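Chain residues, written in single-letter form:
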Amino acid sequence: MILVCGGAGYIGSHMIKLLRAEGIDHVVFDNLERGNAPAVKDSRFEKGDLRNRADIARVLDQYPISLVMHFAAYIEVGESVKDPSAFWENNVIAVWNLLEESRKRDIKQIVFSSTAAVYGEPSMIPIPEDHPKNPANPYGETKLAVERMLGGYNDAYGMRSVCLRYFNACGADPAGELGEDHRPETHLIPRVLLAAAGRAPEITVFGTDYETPDGTCIRDYVHVSDIADAHLLAIRYLENGGESNQFNLGSGNGFSVKEVISAAKEVVGHDFPVGYGSRRAGDPARLIADSAKARQVLGWEPKFDDVKVCVQHAWNWMQANPDGYPR
Ligand code: UDP
């Protein structure tokens, strides 16, 4: 059985939908601080907090867990700069708790959500996994710290892990059952769509003077269902005895902020207000993944590598659920 920490969140909820579809037994562990209970659907659910070891012990004693997935992190870069303490506690100390309680029970497989933020300002594009790690903010630092912790746990205790470094996760369940519901929302695509829906006065482009063809930042948008697929392959990889490893997850295609806005205008079929503001601190001009390794080693084949499809799925979700999940 698989323990899915953070299974009520954006990516975790898409993961458990896939586990249900595959008939893979699992239990969701989430404190619902930022996750959404309705997104758990009919997966088994245990409320608990990884910062509290007794919560973890209770669940691990109750279920025959053989593999742990971790999606339960804080993710906002700006927030990590303002409040690094909360990030070190929730993204590192809490994971250490999880690893310790797992180790005690001989649970030795973990699939961990990492991020392109471990690389910092890229020195080459596309970014391969062996690119130097130089995070530019506490969020990236905490994710890299766990990757390194997992390295040590592998060597010393034989705990095998797969770290999946997401680039820009986006989109929503193609069937429309799940979507992105962060409060507040900081990500580009949902913010563009809020402007398109008239629920925000405009979408503000953060910086138009980057060294890119149209002056706006280029990112590698990867569909949340493709991310879930990669996790399923990572589970199989570990179950088949694969050694600890790290993989980038990106579509390999870069789209600028302006291109995303144009795609959104096509998808929604009408114009909406766009404003132009200054750069957001810490944004590199271009982040594009080299995800050849995930394709070769895991056999990952992203199905939705066009940002327009990602925007379409996010739009479908937003239209059907204008206020997100019921709370
Ligand atoms: N961005 C923007 N306006 C917004 C939100 C984001 O111009 O309201 C830009 C942001 O500066 C970055 C890109 O969109 O270049 C993607 O940002 P997001 O926060 O979605 O993801 P990140 O790249 O920070 O992980």
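The rules behind these values
Residues numbered from 1 in each chain as written. Predicted model: local features only at pLDDT ≥ 70, side-chain atom pairs only at ≥ 80, totals over all residues. Heavy atoms only, no water. Helix = DSSP H or I, 4+ residues; strand = E, 2+ residues; numbered from the N terminus. Rg over C-alpha atoms; globule rule 2.2 N^0.38 Å. Buried < 20%, exposed > 50% of the residue type's maximum accessible area, 1.4 Å probe, protein only. Areas by Shrake-Rupley, 256 points an atom, 1.4 Å probe, with all protein chains shown as cover. Lys, Arg positive; Asp, Glu negative; His and termini not counted. Charge placed at Lys NZ, Arg CZ, Asp CG, Glu CD. Polar contact = N/O pair within 3.5 Å; in protein donor to acceptor, adjacent residues only side chain to side chain. Salt bridge = Lys/Arg side-chain N within 4 Å of Asp/Glu carboxyl O. Contact = heavy atoms within 4.5 Å.

**A short note on the overall build of the protein**
Next up, step 1: A count of helices and strands for the protein gives 10 helices and 13 strands.
Next up, step 2: The C-alpha atoms of the protein give a radius of gyration of 19 Å, which matches the 20 Å a tight globule of 327 residues would have.
Next up, step 3: A principal-axis box enclosing the C-alpha atoms of the protein has dimensions of 55 × 40 × 40 Å.
Next up, step 4: Within the protein, the fraction of its 327 residues that count as buried is 56%.
Next up, step 5: Of the roughly 13,400 Å² that the protein leaves accessible, carbon and sulfur atoms contribute 48%.
Next up, step 6: Charge separation in the protein, taken as the distance between the mean sites of 34 positive and 45 negative side-chain charges, equals 3 Å.

**Quick look at the side chain of S102**
Next up, step 1: Looking at the secondary structure, you find S102 in helix 4 (residues 84–104).
Next up, step 2: Engagement of the side chain of S102 in a polar contact is seen with the backbone oxygen of L98, the distance being 2.6 Å.

**Re the pattern of salt bridges**
Next up, step 1: Enumeration according to the criterion identifies 26 salt bridges in this entry.
Next up, step 2: In this structure, E101 engages R53 in a salt bridge whose closest nitrogen and oxygen atoms are separated by 2.7 Å. Note that E101 is positioned in helix 4 and R53 in helix 2 (residues 53–62), a separation of 48 residues in sequence.
Next up, step 3: Residue classification places E101 among the buried residues on the basis of a relative accessible area of 3%.
Next up, step 4: Accessibility expressed as a relative area gives 27% for R53, which makes it partly exposed.

**Quick notes on the side chain of H26**
Next up, step 1: Looking at the element boundaries, H26 is found in strand 2 (residues 26–30).
Next up, step 2: Within the local environment of H26, its side chain forms a polar contact with the backbone oxygen of I24, the two atoms lying 2.7 Å apart.
Next up, step 3: Engagement of the side chain of H26 in a polar contact is seen with the side chain of S43, the distance being 2.7 Å.
Next up, step 4: Leaving out residues up to four positions away in the same chain, H26 has contacts with M1, I2, V4, I16, L19, R20, S43 and R44.

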